[in-house]
Amino acid sequence: MSLLAAAAAVRLNAYVPYSGFRVGVALRSVEGREFCGCNVENAAYPEGTCAEAGAIAAMIAAGDTRIAEVAVIADSLRPVPPCGGCRQKLAEFADGDVIVTLATMGGAALCITVAELLPGTFGADHMNQA
Ligand code: THU
């Protein structure tokens, strides 16, 4: 199954009673395994989690370490870009040249890199004083 097909499949499991907006994410780790996530909302709205966060958590929980490629899909007219927090989360585990494919259910797709999504990324190196 392609990464995009996996993202579309997991999107169906999204728990979205509040927004009704289902998002699916699939990523491939540099170790070669695939992980999926969907958004999981909560009655306490800020406690909801994005699909990207779920996929990243699954990768880390399984013991893989870095992201090689990402696919995001949602039912929108234009490809939905990851929110600001998810851009930061992706940048923690992906090099700047990693491709993120943003797709719609209608077949539109936009390929963008992690560096393009989050220019001027704050990273661990900013905390090194040397
Ligand atoms: N959402 C994601 O899962 N990923 C994104 O990158 C954008 C937004 C979810 C969060 C919320 O459940 C719904 O979409 C509407 O914001």
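Residues numbered from 1 in each chain as written. Predicted model: local features only at pLDDT ≥ 70, side-chain atom pairs only at ≥ 80, totals over all residues. Heavy atoms only, no water.

Chemist: Explain the pattern of salt bridges here, please?
Modeler: Opposite charge on two side chains permits pairing when their charged atoms draw close. Scanning the model with the defined rule gives three salt bridges in all. For Asp-95, the salt bridge goes to Arg-66, with nearest N and O atoms at 2.7 Å. In this pair, Asp-95 sits in strand S4 (residues 94-104) while Arg-66 sits in the loop between helix H2 (51-62) and strand S3 (67-74), placing the two residues 29 residues apart along the sequence. Residue Asp-95 is classed as partly exposed on the basis of its relative accessible area, which comes to 45%. (Salt bridge = Lys/Arg side-chain N within 4 Å of Asp/Glu carboxyl O. Helix = DSSP H or I, 4+ residues; strand = E, 2+ residues; numbered from the N terminus. Buried < 20%, exposed > 50% of the residue type's maximum accessible area, 1.4 Å probe, protein only.)

Chemist: Would you mind going over the packing of H2 against helix H3 (residues 84-93) with me for this structure?
Modeler: In a pair of packed helices, the angle between the axes and the distance between the axes together describe the arrangement. Look at H2 against H3: their axes get within 10 Å of each other, and the N-to-C directions meet at 25°. Taken together, the axes of H2 and H3 lie roughly parallel to each other. The interaxial crossing formed by H2 with H3 has left-handed handedness. Between H2 and H3, the contacting residues are Glu-52, Ala-53, Ile-56, Met-59 and Ile-60 on the first element and Cys-86, Lys-89, Leu-90 and Phe-93 on the second. When the residues that make up the contact of H2 with H3 are grouped by side-chain class, the tally is seven nonpolar, no polar and two charged. (Axes fitted to C-alpha atoms, helices over the stretch in contact; angles between N-to-C directions. Parallel < 35°, antiparallel > 145°, perpendicular 65-115°, else oblique. Left-handed = near helix turned anticlockwise from the far one by under 90°. Contact = heavy atoms within 4.5 Å. Nonpolar A, V, L, I, M, F, W, Y, C, P; charged D, E, K, R; others polar.)

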